[in-house]
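Architecture at a glance
The lines below spell out each chain.
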Amino acid sequence: MNKNIKFSKFKLIAMAALCFFQFNCKNEKHKSIPENSEIDYVTETVGDVDFGKTKMSEYTPEIRANMNKLYDAKFGMFVHFGPYAQLAGEWKGKKGAAEWIMRRSFIPVAEYEKEAAGKFKPENFNAKEWVDIAENAGMKFIVLTAKHHDGFAMYKSEHPYNLFDFAGFNRDILKELAEECAKRDMKLGFYYSQDQDWHEKGGAGNDWDFGSVIKPADEFDAYFREKAVMQIKELTTNYGDIFMVWFDTPFQITDEQSQLMMDVVKEHQPGALVNARLGNGYGHFDVSIDNGTTPSVSKATWLPDLKVPWQTHESVTKHGWGYTSRGAELDRSEDYSDFIYSLCRIIGNGGVYLLNVAPRPDGTIPESQVNSIHVIGDWLKVNGEAIYGADPSPLKFPPYAITSKPGKVYLHVQDLENNQVALTGLLSKVNKAYVLADTSQQALKFTQKNEKLSVTLPDDLKQQYVTVVVLEIEDQIAKVVDETLQQAADGSIQLPVSKCEFSIRRISYDYDKKVTHRWGENTKQGLIWTVNIKQPGRFKVVSEDSGNDGFEYQLSTLKDTITLNAKGEIGKLTKKQQDGYIKIDEAGIHKLTVYPTIPASKATKGSYEFKGLELIPAKE
């Protein structure tokens, strides 16, 4: 492809993505950002794939060792900490964003340097306290922002815009944290914004100081090689063993630059894991959108001899990932149960949970945040067997959070109805059931008939937040029913999103509504159903979604494709019959897929939800 044409493609993709987060393009009036906006992602990525470009040979013994540690660890602490904390979510008397405040309040570089970076001196930072907090929460690794999109390095970098030289804070907090982590066997990773850098003329994202969001290829390459690459060399050279490098928001980075960054990390830290947000499909493990959930167990990233989990992240703060006075000091006690259950659900679906805290400008972590994660730690002290080193649910579409280990299945129950825990789909004979928190392992009464199981849980064994029921089974690996979707006797085919798999992790799912969340933002966001077709033929298509006429997506079988139109009222979930037909010529097991053809951000002006499709045999 011609380089100029290729760059134009990158430019179009990135501009669309940035406009979606309400980054205002050149010649447009800057608009205010809703207070509840917590977007910290890019919806479009360059290249043909979102994950999987890294060669199998790159999974070296060192990488495999750390991947096994990540799989076993399951739970880590994310820390968003930088000069944005100094502003506490407010600019010139108006509410602003957290870590994105420079971008969303369009703060000029000179003013941000003076009011945020120049005044940022975390005098009360204490590495031991941070590691204590993580340990007491049951977390096994920490990922700290070494440089966020504002371009400020949180350590003594050769680049002058850093905490030591620019802010005059004569301590290297990364060094202090690295030394404390090494003493305690706490694994340490660094977050690094490789693409966006609002402080640099050549870095992507700043159009209020430098005229454009996207930079000419030569300017971006100069920034990338002279600052980003050099700082990654520093981070992977000066701080001992690094567990992972967590990159973020790729959209202008090229394939060659992604590979260069992989090579730099590998050269200095052969065991350091790289996440898929590096861009262009590179990385050792995939990462979902923020707060990403899924209706199904995902083992798509597993290698034949290596369990490679996906990862998602959430924050105990509100209104952003960094510190704000209105969002980081909140009592979240009403959400404790949900935080614990999120951990259970993510592990049960094959993932790893990275839970974020946001320190105050002085370096202390608010007590309310500590309380939120320590509740999880207390729960893990009792129920950790069902989390650490656990495998996902043996059912691909579990009805609630389920994990497993050889000879055991763990049912994670948040809400108990009539003291009964029911499960459909397990074929392995259950020998005993008990509550994991019960040290006496008192046998629970249960009934099992074919694939249906019901366990009775006495009131005195119910736990405060999430109760784990252990099933000791006859088989080392649980046997379950065939979950392939079956064509109905009348020939119809139901394709609910509750029974689909995601082609990439950049999508989420609403468990209560049983609809997609943020599907359609990216044309790579495929939904996949596996269906047993017994009566092939032509089918009319009925969709259920909440879009409008501007949003289109394609349903494909092995040999046929039909374009579907959301054609409805935005925000209202309705069923509608589509024009045309889809053909399935042969009986057997088929993969049916749906992909957006136009990103929903360009077509709809509100939240888009998709519940599924129904294929109805056409009358000849």
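Below, the structure is looked at part by part. Just so it is clear, the structure is predicted and the values come from calculations on it, not from any experiment.

We now examine the pairing of strand 11 (residues 408–413). Across the 6 residues that make up strand 11, a large majority, 5, are buried. Pairing of strand 10 (residues 402–405) with strand 11, which is carried by 4 bridges, proceeds in the antiparallel orientation. Paired with Thr403 across the bridge in strand 11 is Tyr410. Hairpin connection from strand 10 to strand 11: 2 residues lie between these consecutive antiparallel strands, with Gly407 at a positive phi of about 80 degrees.

On to the nonpolar core. The biggest cluster of nonpolar side chains holds 118 residues, and the ones touching the most others in it are Leu174 and Leu471. A per-element tally of this core places helix 10 (residues 336–348) first, with 8 residues. Sequence-distant contacts of Leu471, defined by excluding residues within four places in its chain, comprise Gly407, Lys408, Val409, Leu411, Leu423, Leu426, Val430, Lys432, Ala433, Leu453 and Val455. Among the nonpolar cores identified, the runner-up in size contains 30 residues, and Leu527, Val531, Ile584 and Leu613 belong to it.

Another point: the pattern of salt bridges. Under the counting rule described, the total for this entry stands at 37 salt bridges. Arg103 serves as the salt-bridge partner of Asp207, at 3.1 Å between the closest nitrogen and oxygen. Separated by 104 residues along the polypeptide, Asp207 in the loop between strand 5 (187–192) and helix 8 (217–235) and Arg103 in helix 4 (residues 101–104) bring together distant segments of the chain. One salt bridge connects Asp290 with Arg277, and the closest N-O pair in it is separated by 3.1 Å. In this pair, Asp290 is assigned in the loop between strand 7 (273–274) and strand 8 (310–315) and Arg277 in the loop between strand 7 and strand 8, connecting sequence segments 13 residues apart. Note on Asp290: relative accessible area 7%, which makes it buried.

Its place among the elements puts Phe141 in strand 4 (residues 141–147). The class of Phe141 is buried, set by a relative accessible area of 2%. Between the C-alpha atoms of Phe141 and Gly407, which are 266 residues apart in sequence, the distance is 28 Å. With residues up to four places along the chain from it excluded, the contact list for Phe141 reads Leu70, Ala73, Phe75, Gly76, Met77, Met186, Lys187, Phe243, Met244, Val352 and Leu354.

What the rule picks out here adds up to 5 cavities of 30 Å³ or more. The volume enclosed by the second largest cavity comes to roughly 80 Å³. What lines the second largest cavity is simply Glu58, Thr60, Ile63, Met262, Val265, Lys266, Gln269, Pro270, Ala272, Val274 and His284. The greatest single-element share of the lining of the second largest cavity, amounting to 3 residues, is contributed by helix 9 (residues 255–268). Among the residues making up the lining of the second largest cavity, the classes are represented as 6 nonpolar, 3 polar and 2 charged.

Attention now goes to the environment of Tyr388. You can see Tyr388 is positioned in the loop between helix 11 (367–383) and strand 10. Assessed through its relative accessible area of 21%, Tyr388 is described here as partly exposed. Separated by 248 residues in sequence, Tyr388 and Lys140 have C-alpha atoms that sit 9.8 Å apart. Ignoring sequence-local partners within four residues, the contact set of Tyr388 consists of Asp72, Ala73, Lys74, Gly138, Lys140, Leu380 and Lys405. A distance of 2.6 Å separates a polar atom in the side chain of Tyr388 from the backbone oxygen of Gly138.

Locating Lys540 in the fold gives a position in strand 23 (residues 537–545). Buried within the structure, Lys540 lacks any salt-bridge partner; its nearest side chain of opposite charge belongs to Asp579, at an N-O separation of 5.6 Å. From its side chain, Lys540 meets the backbone oxygen of Gly580 in a polar contact 3.4 Å long. Residues within four places of Lys540 in sequence aside, it is in contact with Gln577, Gln578, Asp579, Gly580, Tyr581, Glu614, Leu615 and Ile616.

Quick look at the sheet that holds strand 15 (residues 452–456) now. Here 3 strands make up an open sheet; going across it, the order is 12-15-14 and the pairing antiparallel. Edge positions in the open sheet fall to strand 12 (420–424) and strand 14 (446–449), since each of these has one partner strand only. Taken pair by pair, the neighbouring strands of this sheet meet at an average axis angle of 10 degrees, ignoring direction. Pairing of strand 14 with strand 15, which is carried by 4 bridges, proceeds in the antiparallel orientation. Considered in strand 15, the bridge of Thr447 is made with Ser454.

A few words on the packing of aromatic side chains. Tallying each qualifying case throughout the model produces 28 aromatic pairs. Arranged with centres 6.3 Å apart and planes meeting at 80 degrees, the rings of Tyr336 and Tyr465 form a pair that is edge-to-face. Placement of Tyr336 in helix 10 and of Tyr465 in the loop between strand 15 and strand 16 (467–473) is noted, with a sequence separation of 129 residues between them. Pairing Trp519 with Phe551 gives two aromatic rings, centres 5.9 Å apart and planes at 85 degrees, and the pair type is edge-to-face. Residue Trp519 is located in the loop between strand 21 (515–517) and strand 22 (527–533), and its partner Phe551 is located in the loop between strand 23 and strand 24 (552–556); the two are separated by 32 residues in the primary sequence. Assessed through its relative accessible area of 0%, Phe551 is described here as buried.

Time to look at the pairing of strand 24. Relative to strand 25 (residues 561–565), strand 24 runs antiparallel, the two sharing 5 bridges. Counterpart to Gln554 in the pairing with strand 25 is Thr563. Between the antiparallel neighbours strand 24 and strand 25 lie 4 residues. Of the pairings in the sheet, the one linking strand 24 to strand 28 (residues 588–596) comprises 4 bridges and is antiparallel in character. Its bridge partner lying in strand 28, Gln554 is registered against Tyr595.

Another point: the packing of helix 6 (residues 127–136) against helix 7 (residues 173–184). Close contact between helix 6 and helix 7 brings their axes to 9 Å; oriented N to C, the two are set at 45 degrees. For the element pair helix 6 / helix 7, the angle class is oblique. Where helix 6 crosses over helix 7, the two elements pack in a sense that is right-handed. For the pair helix 6 and helix 7, the contacting residues are Ala127, Lys128, Trp130, Val131, Asp132 and Glu135 in the first and Glu176, Leu177, Glu180, Cys181 and Arg184 in the second. Here the residues of the contact of helix 6 with helix 7 are counted per class, giving 5 nonpolar, no polar and 6 charged.

Thresholds applied
- Residues numbered from 1 in each chain as written.
- Predicted model: local features only at pLDDT ≥ 70, side-chain atom pairs only at ≥ 80, totals over all residues.
- Heavy atoms only, no water.
- Buried < 20%, exposed > 50% of the residue type's maximum accessible area, 1.4 Å probe, protein only.
- Helix = DSSP H or I, 4+ residues; strand = E, 2+ residues; numbered from the N terminus.
- Pairing = 2+ DSSP bridges.
- Core = buried A, V, L, I, M, F, W, Y, C linked by side-chain atoms within 4.5 Å.
- Contact = heavy atoms within 4.5 Å.
- Salt bridge = Lys/Arg side-chain N within 4 Å of Asp/Glu carboxyl O.
- 1 Å grid on protein atoms, 1.4 Å probe; cavity = no way out; pocket = protein on both sides within 12 Å on 5 of 7 lines; lining within 4 Å.
- Points joined across faces, edges and corners; volume = space filled by probe spheres on them.
- Nonpolar A, V, L, I, M, F, W, Y, C, P; charged D, E, K, R; others polar.
- Polar contact = N/O pair within 3.5 Å; in protein donor to acceptor, adjacent residues only side chain to side chain.
- Lys, Arg positive; Asp, Glu negative; His and termini not counted.
- Axes fitted to C-alpha atoms, helices over the stretch in contact; angles between N-to-C directions.
- Phe/Tyr/Trp six-rings, centres within 6.5 Å; stacked < 30°, edge-to-face > 60°.
- Parallel < 35°, antiparallel > 145°, perpendicular 65-115°, else oblique.
- Left-handed = near helix turned anticlockwise from the far one by under 90°.

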